[in-house]
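A look at the structure
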Amino acid sequence: MPRTHPVFARAYERISTALNRAGEVDHRRELAAGATGRVLEPGAGNGLNFEQYQGVEVVAMEPEPTMLRLAAERASRDGVPIRLVRGVAEDLPFPDRSFDTVVASLVLCSVADPANVLEEFRRVLRPGGTVRFLEHVRSESRSWAAVQDTMSVPWSWFAGGCHPNRDTIAALQRAGFRVEGKRFPFGPPSPCRPHVLGVARLA
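Before going into details, it helps to say that this report is about the structure given with it. Note that this is a predicted model, so its numbers are computed, not measured.

1. Focus: the environment of glycine 129
With respect to the secondary-structure elements, glycine 129 resides in strand β5 (residues 125–136). With relative accessibility at 4%, the residue glycine 129 sits in the buried group. Each residue touching glycine 129, except ones within four places of it in the same chain, is listed here: Asp100, Ala200, Arg201 and Leu202.

2. Side note on the pattern of salt bridges
By the definition in use, this model includes 12 salt bridges. In this structure, the salt-bridge partner of aspartate 26 is arginine 29, at a minimum N-O distance of 2.8 Å. Here arginine 29 and aspartate 26 lie together in helix α1 (residues 6–33), a separation of 3 residues that amounts to about one turn. Overall, the relative accessible area of 44% leaves aspartate 26 in the partly exposed class. Relative accessible area serves as the criterion here: at 41%, arginine 29 is assigned to the partly exposed category. Taking the shortest distance from any N to any O, the salt bridge between aspartate 149 and arginine 138 comes out at 2.6 Å. In this pair, aspartate 149 sits in helix α4 (residues 142–158) while arginine 138 sits in the loop between β5 and α4, placing the two residues 11 residues apart along the sequence. The partly exposed category is assigned to aspartate 149, whose relative accessible area is 34%. Here the salt bridges share partners, and the residues they tie into one network are Asp96, Glu120 and Arg123.

3. Quick word on the packing of aromatic side chains
For the coordinates displayed, the defined rule picks out 2 aromatic pairs. Consider the rings of phenylalanine 8 and tyrosine 12, whose centres lie 5.7 Å apart with planes at 35°: the pair is tilted. With phenylalanine 8 and tyrosine 12 both in helix α1, this residue pair falls 4 residues apart, about one helical turn. According to the relative accessible area criterion, phenylalanine 8 is partly exposed, its value standing at 24%. With a centroid separation of 5.1 Å and an interplanar angle of 85°, the aromatic rings of phenylalanine 94 and phenylalanine 99 are classed as edge-to-face. Of the residues examined, phenylalanine 99 reaches a relative accessible area of 0% and is grouped as buried.

4. Re a nonpolar patch on the surface
A cluster of nonpolar side chains, Trp144, Val147 and Met151, forms an exposed patch at the surface whose accessible area comes to about 210 Å². By the secondary structure assignment, tryptophan 144 is in helix α4.

5. What about the nonpolar core?
Membership of the largest hydrophobic core comes to 29 residues, with the highest contact counts inside it found for Leu40, Phe94, Leu108, Phe121, Val131 and Phe177. Breaking this core down by element, the ones donating at least two residues are β2 (57–61), β4 (99–105), α3 (114–124), β5, α5 (168–174) and β7 (195–202). The leading source of residues in this core is α3, at 4 residues. Ignoring sequence-local partners within four residues, the contact set of leucine 40 consists of Val59, Met61, Leu92, Phe94, Phe99, Thr101, Val102, Val103 and Val124. Counting residues in each nonpolar core, the second largest holds 19 residues, with Val56, Ala75, Ile82 and Phe186 among its members.

6. Some thoughts on the pairing of strand β1 (residues 38–41)
Both faces of β1 are covered, namely the face carrying Arg38 and Leu40 and the face carrying Val39 and Glu41. Pairing of β1 with β2, which is carried by 4 bridges, proceeds in the parallel orientation. Directly across from arginine 38, in β2, lies its bridge partner glutamate 57. Sheet analysis places β1 next to β4, joined by 2 bridges and oriented parallel. Bridge assignment links leucine 40 to a residue of β4, and that residue is valine 102.

Conventions and cut-offs
- Residues numbered from 1 in each chain as written.
- Predicted model: local features only at pLDDT ≥ 70, side-chain atom pairs only at ≥ 80, totals over all residues.
- Heavy atoms only, no water.
- Helix = DSSP H or I, 4+ residues; strand = E, 2+ residues; numbered from the N terminus.
- Buried < 20%, exposed > 50% of the residue type's maximum accessible area, 1.4 Å probe, protein only.
- Contact = heavy atoms within 4.5 Å.
- Salt bridge = Lys/Arg side-chain N within 4 Å of Asp/Glu carboxyl O.
- Phe/Tyr/Trp six-rings, centres within 6.5 Å; stacked < 30°, edge-to-face > 60°.
- Patch = residues over 30% accessible without salt bridge, like charges linked within 9 Å, V, L, I, M, F, W, Y side chains within 5 Å.
- Areas by Shrake-Rupley, 256 points an atom, 1.4 Å probe, with all protein chains shown as cover.
- Core = buried A, V, L, I, M, F, W, Y, C linked by side-chain atoms within 4.5 Å.
- Pairing = 2+ DSSP bridges.

In short, geometric facts, not functional conclusions.
And the structure:
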C-alpha cells in the first residue's frame, strides 16, 4: 500500500498554498460548503480543505506519509476536529453505507484505478449520498487533450502519479452517478487544465 513521494509532497505544499492564495481557496470553499452528515475525504493531501468544513464529521484519508503529516499539522493548527487515516481510495476500510458525502479534491487524477475507486465511493455512500468533486480533467479541446496525452507519462513520474488527461466526468457517469458540474480554467498554463467543480449523485 505505501505510496511515498516525499519530494513531491514538499513541493506540493508550496505549490498548493500558492494556488490557494491565487484563488483556489474559493473553489475549495464551494466544494466543502455542500458537504453534509458524515464526510469522507480520500486523498486529502496536505489538508487544505479542512478549514472549510462546517458542522460535519470528517474522516480524511491519505496514503502518502509526508502529506499525512502535513495534514495532521494543519488540522491541529486550525483546531479542526478531523479523524486522519492512512489508506488508499481503492480499498476504503469502512463498512457499506457509512458516509453521507465523499469529497474528491484533486485526487482522481492520481489514483491507480479510477473505476475501482468510484465503485468504492458507491459502496460507502448511504442512499441519497453525494460525491462533491474538484478535479482537473481532460480538455474538450482536441489539440490540448493531445498535449495532455503526450505529457501524461512524464508528468506522472514527477507529479506523484498525477495523470492530466483523465476524463473524470465520463468516469463518474460510467460508474452510475448523475453528474452536475462546471468547467473553468485555473492556474498557470500546464497540462492540469481545465478544472471541474460539481456534485455527483447516486442514480
